[in-house]
Every structure is written in C-alpha cells, then in structure tokens.
Amino acid sequence: MKFKLKFFLPLVFIFLSSCGYQPIYLNKNTQNFEYSKIISEGDSEINTKIIKKTSMKETNNISKKLYISSFYEIKGTSRNSTGEIESYRTIIKVNLETKDKNNKAIKSKIFLKEFSYNSKDNNYELVKYQNFVRNDLVNKIISEIIVYLNSQ
C-alpha cells in the first residue's frame, strides 16, 4: 500500500502542475475586481458579504460601475392538518450588472439558489438551521460570482 501511495502522489502532482490547473482562491492577484462605483440594493448583509469575499473595490480610474441587487426569502411550502408549517424553502437571488460610464449595460447575470428542508420541533434549532442554510447558499453564490467575474 505504501508503494502505491509513493507512486501515485507524484503522478497526481505532476499532472496537476503540468495541465494548467489553478485553484480560483489561491491566486489573489487575478481577483482585481475594481469598479468606479459599487451600488447595492436589497439584503445589505448578503451584499456586504459578497463585496468582502470577492475583494471588490471602488477606484476612480475605472469606468465600470457594478450594481448588486439581492433578494432573500424563506417560504413555508407545506402545512400539516393543524396549519403548522412542515417544510420550508430558502431562496436567494443575486443580480449582478456591470455598466459603463454612460450607464449602458455591459454584462448582467442572475445567480439563484434554493434549498428545501423540513421544519424542526424547536424554534431555536429551526432559526439556527435557517441561518446555516442562508450562509451556505450565499457562499455557493459567491463561488459562482468569482468564476463569472474571472471570465470577464
């Protein structure tokens, strides 16, 4: 088993280093997301998290503006015979739009994530789980945003 591991690991390293593989979070220099103005509306907590985690910055020498619009909702999707909610759906929608100095749209993309789950008996546990789901969905959207912005 040790022989196979000693043989396999160098092959994986050679393959990954020679094929141009590069993790998107490793090289911070490629993540220069600079805009003349970043305008956000909707859920301020989600917008702030997106701006911080993607390293978006406002600078004067860039002619592009970025508009971030976010929407967050928890819906009750089913009820039991007594009227209590049995399952929920969390929906997060983020719209990114890049505009030039004349406010003409350059690129626009909508990122949408949904997750359905059953209710919990304890309200504290339910709220705690809903916060976990929210953070997880926002992190998934941030990963997609980074890939999208790097491809521009």
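Above: the structure in question.
What counts, and at which threshold
Position labels on residues start from 1 in each chain and follow its written sequence. In view of the model being predicted, local features appear only for residues whose pLDDT reaches at least 70, and side-chain atom pairs are presented and counted only at 80 or more, with totals across whole chains, interfaces and linings using the full set of residues. Side-chain calculation: all heavy atoms of the structure are included, whereas hydrogens and water are not. Under the DSSP-based scheme used, a helix requires at least four consecutive residues in state H or I and a strand at least two consecutive residues in state E, with every element numbered from the N terminus. With a 1.4 Å probe rolled over the protein chains alone, any residue whose accessible area is under 20% of its type maximum counts as buried; one over 50% counts as exposed, and the rest are partly exposed. Note on definitions: a residue-residue contact is assigned when non-hydrogen atoms from the two residues lie within 4.5 Å. At least two bridges found by DSSP between two strands are what make those strands a pair. Axis definition: a line fitted to C-alpha atoms, limited for helices to the stretch in contact. Angles are taken between N-to-C directions and run from 0 to 180 degrees. An angle below 35 degrees is read as roughly parallel, one above 145 as roughly antiparallel, one from 65 to 115 as roughly perpendicular, and any other as oblique. Note on convention: near helix rotated counterclockwise from far helix by under a right angle means a left-handed crossing. Clockwise means right-handed. Only Asp, Glu, Lys and Arg are considered charged, only Ala, Val, Leu, Ile, Met, Phe, Trp, Tyr, Cys and Pro nonpolar, and every remaining residue, Gly among them, polar.

1. Here's the deal with the overall build of the protein chain
Link 1 in the chain: When its secondary structure is counted, the protein chain shows three helices and six strands.
Link 2 in the chain: Along the chain direction, N to C, the helices and strands of the protein chain fall in the order α-β-β-α-β-β-β-β-α.
Link 3 in the chain: Out of the 152 residues belonging to the protein chain, those deemed buried represent 24%.
Link 4 in the chain: For the protein chain, the proportion of contacts with a sequence separation of at least 24, taken over those separated by at least 6, is 58%.

2. Some details on the sheet that holds strand S6 (residues 105–118)
Pairing between the strands of a sheet comes from backbone hydrogen bonds, and it takes one of two forms, parallel or antiparallel.
Link 1 in the chain: Here four strands make up an open sheet; going across it, the order is S2-S4-S5-S6 and the pairing mixed. For this open sheet the edge positions go to strand S2 (37–42) and S6, each flanked by a neighbour on one side alone. If you compare each strand with its neighbour and ignore which way they point, the axes differ by 15 degrees on average.
Link 2 in the chain: Note: S2 against strand S4 (residues 65–79), six bridges, orientation parallel.

3. Some details on the packing of helix H2 (residues 44–53) against helix H3 (residues 123–150)
Link 1 in the chain: Running from amino to carboxyl end, H2 crosses H3 at an angle of 45 degrees, the nearest separation of the two axes being 10 Å. The orientation of H2 relative to H3 falls into the category oblique. Of the two possible hands of crossing, H2 and H3 adopt the one that is right-handed. Where H2 approaches H3, its residues Glu45, Ile46, Lys49, Ile50 and Lys53 are matched on the opposing element by Arg134, Asn135, Val138, Asn139, Ile142, Ile145 and Ile146.
Link 2 in the chain: Classifying every residue of the contact of H2 with H3 by side-chain character gives six nonpolar, two polar and four charged.

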